[in-house]
Amino acid sequence: MKKIAIMASGSGSNAEALLDNYFNEKNLHHKMQIKAIITDKKEAFVLERAKKFPVSCYAVPYDSCPEGRDFSKKAHERKILSILNDLEVNWIFLAGYMRLLSQEFLNHFYESDGESSYYRVLNIHPSLLPSFPGISAYKDAFDYGVKISGSTVHFVDEGVDTGPILLQTSFKRESNDTLEAFSKRGLSLEHKLYVNSMHIIANDNFVVHKKNVELRN
Ligand code: GRF
């Protein structure tokens, strides 16, 4: 059984899309359980959105671990890991989680079967990676003047938005687009992409060959 935690720092629309599909369609329930929403911000709107679903929520504010930058990061991750361990979480879906996870944290989710190795941690990123990694990808792509943009769901590795790509989707920039309209179009596609990704993971329809992820039917 895959036991998932969704980690988010902000609005949580991707988290809501996952929860909505999971709890309303119910066809993944024999393979996957969404055990928790974890946020690093007490005021994150994801907590409001999650109230509509039977899922436990945990706010673990970073400033609850205030002892120097490196130590704080360790202490913060340790708090999160202890929640994840108690719930026996074995997969993480990052959905707008605004902190980089340390190698030490990722090691808890390392998977290797000889043929294939990866961390059981997914992320959704609002650009066609490897273009426009980082925290303001819609703006960066829009300001660059791209004609086509998109979003990417990838396995997380030690780098910033560099892990093996599971799925991508693209959309066109319209001639009269504002950044707001461009981002809104992208975000609604993200929701579908992340839900599709959840189904692929739940059904084990993937094999990771180094950087290349093969999809199976
Ligand atoms: C999304 O654009 C996602 O790709 C990025 O952060 C944003 C989160 O949006 N990683 P939301 O909180 O899911 O609405």
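Heads up: the structure comes first, above all this text.
This one's a predicted model, so the numbers in the text were calculated from it and none came from an experiment.

About the cut-offs
Residues numbered from 1 in each chain as written. Predicted model: local features only at pLDDT ≥ 70, side-chain atom pairs only at ≥ 80, totals over all residues. Heavy atoms only, no water. Phe/Tyr/Trp six-rings, centres within 6.5 Å; stacked < 30°, edge-to-face > 60°. Helix = DSSP H or I, 4+ residues; strand = E, 2+ residues; numbered from the N terminus. Buried < 20%, exposed > 50% of the residue type's maximum accessible area, 1.4 Å probe, protein only. Lys NZ or Arg CZ within 6 Å of the ring centre and 35° of its normal. Pairing = 2+ DSSP bridges. Near = heavy atom within 4 Å. Polar contact = N/O pair within 3.5 Å; in protein donor to acceptor, adjacent residues only side chain to side chain. Areas by Shrake-Rupley, 256 points an atom, 1.4 Å probe, with all protein chains shown as cover. Nonpolar A, V, L, I, M, F, W, Y, C, P; charged D, E, K, R; others polar.

Participant: Provide a residue-level description of the packing of aromatic side chains, including the pertinent values.
Facilitator: Counted by the stated rule, this structure contains 15 aromatic pairs. On the numbers, 6.2 Å between centres and 90° between planes, the contact of tryptophan 91 with phenylalanine 206 is edge-to-face. Pair noted here: tryptophan 91 is in strand β4 (residues 91-94) and phenylalanine 206 is in strand β10 (residues 206-209), with a separation of 115 residues, a long-range link. Given a relative accessible area of 3%, tryptophan 91 falls into the buried group. Each member of the aromatic cluster is reached from another via a ring pair, and the members are Trp91, Tyr118, Phe155 and Phe206. The residue whose ring lies beneath arginine 173 is phenylalanine 142, and the NZ or CZ to ring-centre distance is 4.0 Å.

Participant: I'd like to hear about the pairing of β4, residue by residue, with values.
Facilitator: Neither face of β4 is left uncovered, since the one carrying Trp91 and Phe93 and the one carrying Ile92 and Leu94 both have all their residues buried. Here strand β1 (residues 2-8) runs beside β4; their pairing, made up of four bridges, is parallel. Within the sheet, the bridge partner assigned to isoleucine 4 lies in β4 and is tryptophan 91. Alignment of β4 against strand β7 (residues 121-125), held across three bridges, turns out to be parallel. Bridge assignment links isoleucine 92 to a residue of β7, and that residue is valine 121.

Participant: Go over unusual backbone geometry, please, and point to the residues and values.
Facilitator: Cis rather than trans, the peptide bond between leucine 129 and proline 130 has omega equal to 15°. Its location among the elements puts proline 130 in the loop between β7 and α5 (137-144). Residue glutamate 88 is not a glycine yet carries a positive backbone phi of 55°. Phi is positive for lysine 210, which is not a glycine, with a value near 50°. Position of lysine 210 relative to the elements: it lies in the loop between β10 and β11 (212-215). The exposure class of lysine 210 is exposed, given its relative accessible area of 75%.

Participant: Help me get a handle on the site of the ligand, residues and values and all.
Facilitator: Around the ligand, a shell composed of Ser11, Gly12, Ser13, Asn14, Gly96, Ile124, His125, Pro126, Tyr138, Leu187 and Glu190 is seen. At 2.5 Å from an oxygen atom of the ligand is found a side-chain nitrogen or oxygen belonging to serine 13. Between an oxygen atom of the ligand and a main-chain N or O atom of asparagine 14, the distance comes to 2.8 Å. Its free accessible area being 370 Å², the ligand has 82% of it covered by the protein chains. Mapped onto the shell around the ligand, the elements with two or more residues apiece are α1 (13-25), β7 and α6 (179-202). When its residues are assigned to classes, the shell around the ligand shows four nonpolar, six polar and one charged.

Coordinates in, geometry out; function isn't part of it.
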